[in-house]
Amino acid sequence: MRLLIKHAVARGMIAAAVLSMFAACKSVPDASPFAVAGSQLHSAVMSAGIVVTSGLNEAELANEAQSFSTLWQVPDQCTLAMMRYGNALANIVQATHNGDEAVQQVFDAGTKLADSLGIAVPPALAAGEVLALLKTIDREVANVVAARSLEDALSRMQPAVDNVAIVMNRELDAAGDILRNADGIVDTKLRLSYKAEVDYEQTLTKNRQALYQKALTTDTTRQLDEIVHREQVIAPVLAERQQKYDLRNTRLQTRRELINTAKQAVSNWAQAHRDLQAAVQSGGTLDLAALNESIVELRALIEKARAS
């Protein structure tokens, strides 16, 4: 009986050893694409700020260009901090550290991310919700030190990463507000520039419609011919006005899409961080298709904005 028990214990120890061996041999995902995507996102956000600021200057909106450029330093510096955090994670995941070392390094990387955000967002721009979010991020990063493994550390960092994305999106919304104000100024300038021609066209249209209600005589025919002639005279000016309105609408739409796509890319980055934690936990591969697609779309919109 004792022999059977010894054999059973031995088999249990062997089984445990085998399971431990398989756990130790769990493959480590390649985290470098996360770092690469973070670098590309930062580069795209930098380029977006430059092209929009340039467009505002070309539209002779110097004040709005200055305001936008100043505000855009926040998304610029935030994505730089995100890039550096991603680079650190890629190195941590690929290195062979024990759990305590990995946790400490994730905590250090998260602390640098939080500190960089605090520097990137000036107190004057960190009013209300954003200021509260920055404080929340600090507390969430502090929770990482209690982690027991790399997977646990990444999981504990996720709330902070999600809030980083929210902070970024709030700043991008503020940039969108500047663009809307700039569009309102452009619209007012266009209306004032062509007010005389538009008013004249409306008068001619009103007079022509009034003549339609009268009997067709030599005099009414002459008046209609004169109105048609006058409409033809101002037609090129009105066509020029419409062309400028179409261009303004295209530029506004492109820049709105640019802001929205940047927001989506940041949200996809936060999701990619969640996917990285899952890949580390399972030993699977990291799929960053959504993040990469949003960055490609953002670059395409930057080129479209540059061309318009």
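Anything mentioned here points back to the structure above.
Residues numbered from 1 in each chain as written. Predicted model: local features only at pLDDT ≥ 70, side-chain atom pairs only at ≥ 80, totals over all residues. Heavy atoms only, no water.

Novice: I tried to follow the pattern of salt bridges on my own but got confused; where do I start?
Specialist: Close approach of charged atoms allows side chains of opposite charge to pair. All told, the structure shown has 14 salt bridges when counted by the stated rule. Taking the shortest distance from any N to any O, the salt bridge between E226 and R222 comes out at 3.6 Å. Here E226 and its partner R222 are both found in helix 8 (residues 218-282), four residues apart, which amounts to about one turn of the helix. Judged by its relative accessible area of 34%, E226 is partly exposed. Take R222: its relative accessible area is 45%, and that puts it in the partly exposed class. The closest approach of N and O atoms between E226 and R230, which form a salt bridge, is 2.9 Å. Of the two residues, E226 and R230 both sit in helix 8, four residues apart, roughly one turn of that helix. Among the charged side chains, a salt-bridge network with shared partners connects D183, D187, R191 and R248. (Salt bridge = Lys/Arg side-chain N within 4 Å of Asp/Glu carboxyl O. Helix = DSSP H or I, 4+ residues; strand = E, 2+ residues; numbered from the N terminus. Buried < 20%, exposed > 50% of the residue type's maximum accessible area, 1.4 Å probe, protein only.)

Novice: Could you clarify how one ought to interpret helix 5 (residues 129-142) in this entry?
Specialist: Residues that lie three or four places apart on an α-helix share one face, since the helix turns once every 3.6 residues. Taking 1.5 Å of rise per residue, 14 residues should cover 20 Å, and helix 5 covers 20 Å from first to last C-alpha, within 8% of that figure. Where the residues of helix 5 are buried, they touch helix 4 (99-120) and helix 6 (150-193). (Expected span 1.5 Å × (residues − 1). Contact = heavy atoms within 4.5 Å.)

Novice: Looking at this model, I keep getting lost on the packing of aromatic side chains. Mind explaining?
Specialist: Aromatic rings in a pair are described by how distant their centres are and how their planes are angled relative to each other. In this structure the tally under the stated criterion is three aromatic pairs. Their ring planes at 20° and their centres at 5.8 Å tell us that F34 and W269 sit as a pair that is stacked. Residue F34 is located in helix 2 (residues 32-58), and its partner W269 is located in helix 8; the two are separated by 235 residues in the primary sequence. The two residues F34 and W269 agree in class, both being buried. Between Y85 and W269 the ring centres are 6.4 Å apart and the planes differ by 65°, which places this aromatic pair in the edge-to-face class. Here the residue Y85 occupies a position in helix 3 (residues 62-94), and W269 occupies one in helix 8, the gap between them amounting to 184 residues. (Phe/Tyr/Trp six-rings, centres within 6.5 Å; stacked < 30°, edge-to-face > 60°.)

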